[in-house]
Amino acid sequence: MKKDCSLVIMAAGIGSRYKGGIKQLEAVGPEGELIIDYSINYALEAGFTQIVFVIRKAIEDVFKEVIGDRIEKKAKVSYVYQETNDLPSGFEQYGEKREKPWGTGQAILLCDRVVNEPFCIINADDYYGKEAFTKMYDYIQNEMTNKVDESALMGYRLENTLSPSGTVTRGVCEVDENNFLVELIETRNIQRKDGVITSENDGVSLTYKDETPVSMNMWAFNETYFKVLKEEFLVFLENLGEDAMKKEFLIPEVMDKLLKSNRMQVKVLKTKEKWYGITYKEDLAEVREHIKNL
């Protein structure tokens, strides 16, 4: 019997570096399709049974008009609203002056209100490719159990995530012989230079193989993860200190902590799909060209 499984799409980001409106709502396909449309289509084809949108109340009307109302006609859809003041009891004061959302960790934690089954998370403005959704669904159906320490991460070949516009930041994955994650290293200033992929930070230069696996924030968890995430969020809030207005509760950082304390194991699935994102307005042309050539 097939398990129900949800696709959680994180679309609450402010997109402060993107000068062109709400980047999640940019058309990239020949008939005006959005990147979200491709993600949802691939997920439904793979077998996912619910689509969960994490958005902000401020964009609810336009989001539903452009995306949600249309998707509801072909899939079960739920909404989660990520707001700065949606905090556990005793910490409400931190949300009063906060402008920036609390990060991907809070976004996923809020989904426990509508998700009661295994789930996969993605960014709304990233193109992950069809194979990634198929592999993630197959993992959930055939390998994932309800153990609290079990999860998966889609690993992309580093060469397939580079930008022609300049350097990028990637979560470089160190894996063991069984493709389990050992460490996730957030690495800045990655680019291909003279035919070689390199990064230079603080005077240290590193080189990488084309096939080096990197995380593009596509994870799979079972429903027991919410309990772990809630505990970690409380620890995060208790230690905010002077940076209460800036600190973010991020899934990669949470997972790195859980890995190092042996409280989580992460199977790194691998795909040869090319990843595309539209962090900057200039990225749109390349994404549209790729979609046109599919």
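It should be noted that the structure appears before, not after, this text.
Here goes a summary of the coordinates provided. (Residues numbered from 1 in each chain as written. Predicted model: local features only at pLDDT ≥ 70, side-chain atom pairs only at ≥ 80, totals over all residues. Heavy atoms only, no water.)

1. Points about helix α7 (residues 284-293)
Those residues of α7 lying buried are L284, V287, H290 and I291. Here the buried residues of α7 occupy an arc of 130° about the axis, which is enough to place them on one side. Set apart from the buried face of α7 by more than 90 degrees, the exposed residues are A285, K292 and N293. Residues of α7 that are buried make contact with α1 (35-46), β5 (126-127) and β13 (276-277). (Buried < 20%, exposed > 50% of the residue type's maximum accessible area, 1.4 Å probe, protein only. Helix = DSSP H or I, 4+ residues; strand = E, 2+ residues; numbered from the N terminus. Arc of directions from axis to C-beta. Contact = heavy atoms within 4.5 Å.)

2. Some details on the nonpolar core
With 58 residues, the main nonpolar core has F53 and M218 as its most contacted residues. Per element, the largest residue contribution to this core is seven residues, and it comes from α1. Ranked by size, the runner-up nonpolar core spans 41 residues in total, among them L110, Y225, V254 and M264. (Core = buried A, V, L, I, M, F, W, Y, C linked by side-chain atoms within 4.5 Å.)

3. Considering unusual backbone geometry
Positive phi values are uncommon outside glycine, yet N189 reaches one of about 60°. On the basis of relative accessible area, N189 is assigned to the partly exposed category, the value being 30%. One non-glycine residue, D202, adopts positive backbone phi at about 55°. Secondary-structure assignment places D202 in the loop between β9 (196-201) and β10 (204-208).

4. Quick look at the environment of E232
Structurally, E232 is set in helix α5 (residues 225-238). Given the relative accessible area of 6%, E232 is considered buried.

5. Considering a negative patch on the surface
A contiguous patch of negative charge on the surface is contributed by D61, E65, D69 and E72. You can see D69 is positioned in helix α2 (residues 60-71). (Patch = residues over 30% accessible without salt bridge, like charges linked within 9 Å, V, L, I, M, F, W, Y side chains within 5 Å. Areas by Shrake-Rupley, 256 points an atom, 1.4 Å probe, with all protein chains shown as cover. Salt bridge = Lys/Arg side-chain N within 4 Å of Asp/Glu carboxyl O. Lys, Arg positive; Asp, Glu negative; His and termini not counted. Charge placed at Lys NZ, Arg CZ, Asp CG, Glu CD.)

6. As for the side chain of N201
Here N201 lies in strand β9. For N201, a relative accessible area of 15% corresponds to the buried category. Sequence-distant contacts of N201, defined by excluding residues within four places in its chain, comprise T187, R188 and N189.

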